[in-house]
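The lines below spell out each chain.
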Amino acid sequence: MLLWPSSLSARPCQHSLPISRLDPTPRLRLTSLSRCHLGGPFSSNNNFNGLTTGNNNNGRFLGGVQVGADYQFAPNWVLGIEGQYSWLANNNGGVIFPGGFVYTNNQRGLGSVTGRVGYTWGPALLYVKGGYAFSDNKENVTFGGAPIAFAFDSDHKNGYTVGAGVEYMFAQNWSAKVEYQYYNFGSSRFIAPAALVPFGSFTTDDHVVKAGLNYRFNWGGPVVAKY
């Protein structure tokens, strides 16, 4: 049997050394650098009182990195923390309003700081995660093609994320993972310019599927259990 060492979400993994029995003592392992992940985000259907936004059901390319640490106990359960950032391919989602107003949002990246809990069997780890999320938005409003000042009642940049995935150790210090994450940044409505106030609110959220390759340094003590 393999005891999953602690790692990062894009976390390095390590096979155990053969021993005669399982040492149930928990171990803390740190990964100073996680490897890359690739994937694609898809936005939900959003609208301003029936005016469909340009990013509905879109698909884009995503790539990023993550770092974190895990703590194993009991002896097959894992608790962890992870920081992650993903760069998004260019996306100028937006909407054209009656009267010549145009709103665009180029969402350039997604970040998160999450906790996770998982269960290991053999070289595999099944986990769920959740926590804080950040959206890197570049927004503009134009009237007749010229930029104008605008304001929302909320920033729709800070929100939450939840997800689940599976990670598999395929060699010493190396693992691969596939995971799904849902990001929600809440609803916003225009409070300026006045002409856009009656159009109501829109929601900013993303559904993301990612695959990652991870390397684990396994700092913090010797590997405990093995097959």
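The structure displayed is predicted, hence computed values, not measured ones.

**Quick word on the overall build of the protein**
The helix and strand tally for the protein stands at zero helices and 14 strands. When the helices and strands of the protein are listed from N to C terminus, the series reads β-β-β-β-β-β-β-β-β-β-β-β-β-β. Counting every position in the protein, which comprises 227 residues, the buried fraction comes to 49%. Intrachain contacts of the protein at a sequence separation of at least 6 include 71% that bridge at least 24 residues.

**A look at the pattern of salt bridges**
As a working rule, side chains carrying opposite charge can pair if their charged atoms are close by. For the coordinates displayed, the defined rule picks out eight salt bridges. Glu167 is the salt-bridge partner of Arg116, the closest N and O atoms lying 3.4 Å from each other. On the criterion of sequence distance, the pair formed by Arg116 in strand E8 (residues 101–121) and Glu167 in strand E12 (residues 158–171) is long-range, its members being 51 residues apart. As far as the burial class goes, Arg116 and Glu167 line up, both buried. Taking the shortest distance from any N to any O, the salt bridge between Glu179 and Lys177 comes out at 3.5 Å. Like Lys177, Glu179 is buried. Shared partners join several salt bridges into a network, and the residues in it are Glu82, Lys129, Lys177, Glu179 and Lys210.

**Considerations on the packing of aromatic side chains**
For the structure shown, the criterion picks out 15 aromatic pairs. Between Trp77 and Tyr119, the aromatic rings sit 5.0 Å apart at their centres with planes inclined by 70°, giving edge-to-face as the arrangement. Residue Trp77 is found in strand E6 (residues 77–88), and its partner Tyr119 is found in strand E8; the two are separated by 42 residues along the sequence. With relative accessibility at 36%, the residue Tyr119 sits in the partly exposed group. Their ring planes at 75° and their centres at 5.0 Å tell us that Tyr85 and Trp87 sit as a pair that is edge-to-face. Exposure remark for Tyr85: the relative accessible area of 24% places this residue in the partly exposed category. One aromatic cluster in this structure is built from Phe97, Tyr103, Phe150, Phe152, Phe190, Phe199 and Phe202. Over the face of the ring belonging to Tyr127 we find Arg116, whose NZ or CZ atom lies 4.4 Å from the ring centre.

**Focus on a nonpolar patch on the surface**
Together, Tyr71, Trp77, Leu79, Val117, Tyr119, Trp121, Leu126, Val128, Val166, Val178, Tyr180 and Val209 line one region of the surface with nonpolar side chains, adding up to about 1100 Å² of accessible area. At the level of secondary structure, the elements contributing two or more residues to the nonpolar patch comprise E6, E8, strand E9 (124–143) and strand E13 (174–192). Inspection of the secondary structure puts Leu79 in strand E6. Assessed through its relative accessible area of 41%, Leu79 is described here as partly exposed.

**Regarding unusual backbone geometry**
With an omega dihedral of -20°, the bond running from Ala74 to Pro75 counts as a cis peptide bond. By secondary structure assignment, the location of Pro75 is in the loop between strand E5 (62–73) and E6. Residues Ala192 and Pro193 are joined by a peptide bond in cis, for which omega reads 0°. Within the secondary structure, Pro193 sits in the loop between E13 and strand E14 (201–215). If you check the backbone angles, Ala74 has positive phi at about 75° while not being a glycine. Mapping Ala74 onto the fold places it in the loop between E5 and E6.

**Some details on the environment of Gly200**
Within the element layout of this structure, Gly200 appears in the loop between E13 and E14. For Gly200, a relative accessible area of 7% gives the class buried. Each C-alpha atom of the pair Gly200 and Ser187 lies 9.8 Å from the other, and the pair is 13 residues apart in sequence.

**Some details on the environment of Ala192**
Within the element layout of this structure, Ala192 appears in strand E13. Once the C-alpha coordinates of Ala192 and Ala149 are considered, the two residues, 43 residues apart in sequence, prove to be 7.6 Å apart. Not counting residues up to four positions away in its chain, the partners in contact with Ala192 are Phe150, Ala151 and Val197.

Thresholds applied
Residues numbered from 1 in each chain as written. Predicted model: local features only at pLDDT ≥ 70, side-chain atom pairs only at ≥ 80, totals over all residues. Heavy atoms only, no water. Helix = DSSP H or I, 4+ residues; strand = E, 2+ residues; numbered from the N terminus. Buried < 20%, exposed > 50% of the residue type's maximum accessible area, 1.4 Å probe, protein only. Contact = heavy atoms within 4.5 Å. Salt bridge = Lys/Arg side-chain N within 4 Å of Asp/Glu carboxyl O. Phe/Tyr/Trp six-rings, centres within 6.5 Å; stacked < 30°, edge-to-face > 60°. Lys NZ or Arg CZ within 6 Å of the ring centre and 35° of its normal. Patch = residues over 30% accessible without salt bridge, like charges linked within 9 Å, V, L, I, M, F, W, Y side chains within 5 Å. Areas by Shrake-Rupley, 256 points an atom, 1.4 Å probe, with all protein chains shown as cover.

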